[in-house]
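# Residue-level structural notes
Chain by chain, the residues run as shown.
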Amino acid sequence: MANKGNYYITTAIAYTSGKPHIGNTYEIVLADAIARYRRQEGYDVFFQTGSDEHGQKIELKAAEAGITPKEFVDQVSTEIKSIWDLMNTSYDKFIRTTDDDHEKQVKKIFKKLYDKGDIYKSSYEGLYCTPCESFWTESQLVDGKCPDCGREVQPAKEEAYFFKMSKYADRLIEYINTHPEFIQPVSRKNEMMNNFLLPGLQDLCVSRTSFKWGIPVDFDPKHVVYVWLDALTNYITGIGYDCDGDSTDQFKALWPADLHLIGKDIIRFHTIYWPIFLMALDLPLPKQVFGHPWLITKASDGSDEKMSKSRGNVIYADQLVSVFGVDAVRYFVLHEMPFENDGAISWPLMVERVNSDLANTLGNLVNRTISMSNKYFGGLVEDKGVAEDVDADLKAVVTGTLATVEKKMADLRVADAITEVFNLFKRCNKYIDETMPWALAKDETKQDRLATVLYNLVEGISVGASLLKAFIPETSEKILAQLGAKEIAYDELSTFGHYPNGGKVTDAPEILFARLDLDEVMAKVAEFNPAQPESDEADDEEGIDIEAKPEITFDDFMKMQFQVGKIVACEAVKGSKKLLCSQVKIGSTTKQIVSGIRKQYSPEEMVGKKVMVLVNLKPAKLAGVLSEGMLLCAEDAEGNLSLMTPENAMPSGAEIC
């Protein structure tokens, strides 16, 4: 196969604030599938991932743990890398932003942009979100909270360096308009243009003085480089960029990157800040930035929930692997994630997919084919050339699958590509039903036809297994080994007849995926999260201290009216990432209430909920929408919100006292 040239793919670098859950892990598996597929196509792939290790949040977490920030990130980065390795991801480099060569280049980049006049010194007074490490103006807040994560912000004033974002805004807008492939999916491009670029960019704070855990500005060491200018540059420093002109041959060969693969929640930083930094450095922009959707969990009532420690619904990759195995988890997260919309995961859904797709459609097909080959011909597989009309359709599906997979992968529709491969396996299963090998075996005059049927099955499965290599590589190898087949070269997958005539399958086929019992799986899951006994004593979870408000009198409290309400309709507030507008039935009346809970609840899952309502709050407009009360929520230390709901069934309008 001819070499198609270089292909440079990157992921977002994982933030070292804690162990990544399966939603975080999805990205590295997706990137790995794309990287492996490009290698099959004939590209010389370089796949980079890593960890983002600076910032105030890390400094605070390290202090809480009683260790230095470096010790803290060493531990977490090692854990991240171990999970990436567990998932059999084939990255070529794992960069850490505490690497010496990265820190050296960040200092030089900062100085170059300062000397160029793109960075200037001033002071900042605004509202700061520590988890997001972002400054906001009052007008940018939603309900007085961070517009990105919904958490509380704190007033902050400090001397800082700023980057002149507006200087490059028009140039970036023109680039996006003339390069429609740059931001994908298209909905992400529209969001960036309409919400950020077209309204106008503010200059960006690129240094901090209120904490020390960061890369020092070497000509003004009381400042540390702000996280985005530090973290985003990993894509060039990791392959040898030097802003003094001494970049490595690797950088010259690989840049611009072919694909930045990142989560939709951080696409603004990768499609606005990062391209502008590159323009300022006189570097070409990456060819494409793909903002993938989220993997969220399924609640017990079937509704979708964002993964959150406070909800107790976080699922980790190592837990899933211990129950299902690596390839089953890879298959699920790749196959169940739509191109643009969020995908859902739960333990019951995993069991369902393993049983239906992996154990039945694939595993049973391979096992039946090998078993029949052994039973009827001692494992020998021969094409006797006794063809019938039904063979032509099977061969058309087998030889046509490559083209459909190729098209899906060109558009990064990985889930659809996997579906095409499994359509091939389904066609093989149908072929067994059509040809009925067990009936042919009873007729001595049909032995050559039986041999041909089994040859066609082995060949079809071999093609499918070769196409699975990018997605579930260990299973691909196992199938080919059991068939006694070699991986078929990519550019030969559109032809039929590669299996050697007279080849032999294994005489001891291995079950690829065993069927699972849901009750047994859920018993194992209970071991991951054992139920805590009820107690009147304080539990062991870490409490949250909040600033005490002034005392009120009983008369003050009695002025507030709390009742149970039932949500009968709900929709997202246009122009807001955070707000939902609910129609809440309270007794015989219905009130319209706007709440900043869109990141935790979808409009669909709100309908039908019984909630606790502050009924007599003075009406006010939020984002231009009238709100006639307040839904009561609890908030954890990470800013995750949870609606307060009655423990027992209570009628709409019941008084809360």
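Report follows, based on the coordinates. Model, not experiment: these values are computed from the prediction.

Per the secondary structure count, the protein chain includes 21 helices and 27 strands. Whereas a compact globule of 657 residues would reach a radius of gyration of roughly 26 Å, the protein chain reaches 29 Å, a difference of no more than 12%. Relative to its 657 residues, the protein chain shows a buried fraction of 52%. Look at the contacts in the protein chain between residues 6 or more apart in sequence, and 74% of them connect residues 24 or more apart. Only carbon and sulfur atoms are counted for the fraction: they give 49% of the accessible area of the protein chain, which is about 29600 Å². For the protein chain, the separation between the mean place of its 72 positive charges and that of its 100 negative charges on side chains is 4 Å.

Let's shift gears to the sheet that holds strand E25 (residues 630–631). Pairing within the open sheet is antiparallel, and its five strands lie in the order E21-E20-E19-E22-E25. Two strands close off the open sheet at either side, each with one partner strand: strand E21 (589–595) and E25. Sheet analysis places strand E19 (residues 562–572) next to strand E22 (residues 610–614), joined by five bridges and oriented antiparallel. Paired with Gly565 across the two strands is Val611, which belongs to E22.

The end-to-end C-alpha separation of helix H10 (residues 267–280) is 19 Å, in line with the 20 Å expected for 14 residues at 1.5 Å each. Remark: the principal bend of H10, roughly 25°, maps to Trp274, with a proline, Pro275, within the next four residues. Most of H10 is tucked away, with 14 of its 14 residues classed as buried. At the C-terminal side of H10, Asp282 shows a positive phi close to 60°.

All right, on to the nonpolar core then. Formed by 106 residues in total, the largest nonpolar core has its most connected members in Ile22, Ile34, Phe324 and Phe471. The greatest single-element share of this core, amounting to 11 residues, is contributed by helix H13 (residues 347–377). Core analysis: the next-biggest nonpolar cluster, separate from the first, contains 70 residues, Phe46, Tyr175, Ile183 and Tyr226 among them.

Where helix H14 (residues 389–410) contacts helix H17 (residues 447–467), the axes come no closer than 10 Å and their chain directions differ by 15°. As far as their axial angle goes, H17 and H14 are roughly parallel. Considering only the axes of H14 and H17, their crossing is left-handed. In this structure, H14 contributes Val390, Asp391, Leu394, Lys395, Val398, Thr401 and Leu402 to the contact, and H17 contributes Arg449, Thr452, Asn456, Gly460, Val463 and Leu467. Among the residues making up the contact of H14 with H17, the classes are represented as six nonpolar, four polar and three charged.

Within the secondary structure layout, Asn429 lies in helix H15 (residues 414–435). The exposure class assigned to Asn429 is buried, which follows from its relative accessible area of 14%. At 3.0 Å, the side chain of Asn429 and the backbone oxygen of Thr361 are in polar contact. Beyond its immediate sequence surroundings of up to four residues, Asn429 is in contact with Thr361, Leu365 and Arg368.

Below, the discussion takes up the sheet that holds strand E9 (residues 204–205). Ordered in space as E6-E5-E7-E9, the four strands form an open sheet in which the pairing is antiparallel. Taken across any chain shown, the strands that pair with only one partner, and hence form the sheet edges, are strand E6 (134–136) and E9. Taken together, the 10 bridges between strand E5 (residues 119–129) and strand E7 (residues 154–163) define a ladder with antiparallel strand orientation. Residue pairing in the sheet places Gly126 in a bridge with Ala156 of E7.

Moving on to the pattern of salt bridges. The tally for this structure, following the rule as stated, stands at 31 salt bridges. A salt bridge links Arg330 to Asp32, with the shortest nitrogen-to-oxygen separation between them at 2.7 Å. One end of the pair, Arg330, is in helix H12 (residues 326–335); the other, Asp32, is in helix H1 (residues 22–41), with 298 residues separating them in the sequence. An identical accessibility class is assigned to Arg330 and Asp32; each is buried. The partner of Lys167 in a salt bridge is Asp118, and the shortest N-O contact between them spans 2.6 Å. In this pair, Lys167 sits in helix H5 (residues 166–178) while Asp118 sits in the loop between helix H4 (100–115) and E5, placing the two residues 49 residues apart along the sequence. For Asp118, a relative accessible area of 0% gives the class buried. In the salt-bridge network here, residues are joined through shared partners; they are Glu53, Lys70, Asp74 and Arg96.

Rules and cut-offs
Residues numbered from 1 in each chain as written. Predicted model: local features only at pLDDT ≥ 70, side-chain atom pairs only at ≥ 80, totals over all residues. Heavy atoms only, no water. Helix = DSSP H or I, 4+ residues; strand = E, 2+ residues; numbered from the N terminus. Rg over C-alpha atoms; globule rule 2.2 N^0.38 Å. Buried < 20%, exposed > 50% of the residue type's maximum accessible area, 1.4 Å probe, protein only. Contact = heavy atoms within 4.5 Å. Areas by Shrake-Rupley, 256 points an atom, 1.4 Å probe, with all protein chains shown as cover. Lys, Arg positive; Asp, Glu negative; His and termini not counted. Charge placed at Lys NZ, Arg CZ, Asp CG, Glu CD. Pairing = 2+ DSSP bridges. Expected span 1.5 Å × (residues − 1). Bend = angle between axes of the 7 residues up to and from the residue. Core = buried A, V, L, I, M, F, W, Y, C linked by side-chain atoms within 4.5 Å. Axes fitted to C-alpha atoms, helices over the stretch in contact; angles between N-to-C directions. Parallel < 35°, antiparallel > 145°, perpendicular 65-115°, else oblique. Left-handed = near helix turned anticlockwise from the far one by under 90°. Nonpolar A, V, L, I, M, F, W, Y, C, P; charged D, E, K, R; others polar. Polar contact = N/O pair within 3.5 Å; in protein donor to acceptor, adjacent residues only side chain to side chain. Salt bridge = Lys/Arg side-chain N within 4 Å of Asp/Glu carboxyl O.

Read these as spatial facts, not as claims about activity.
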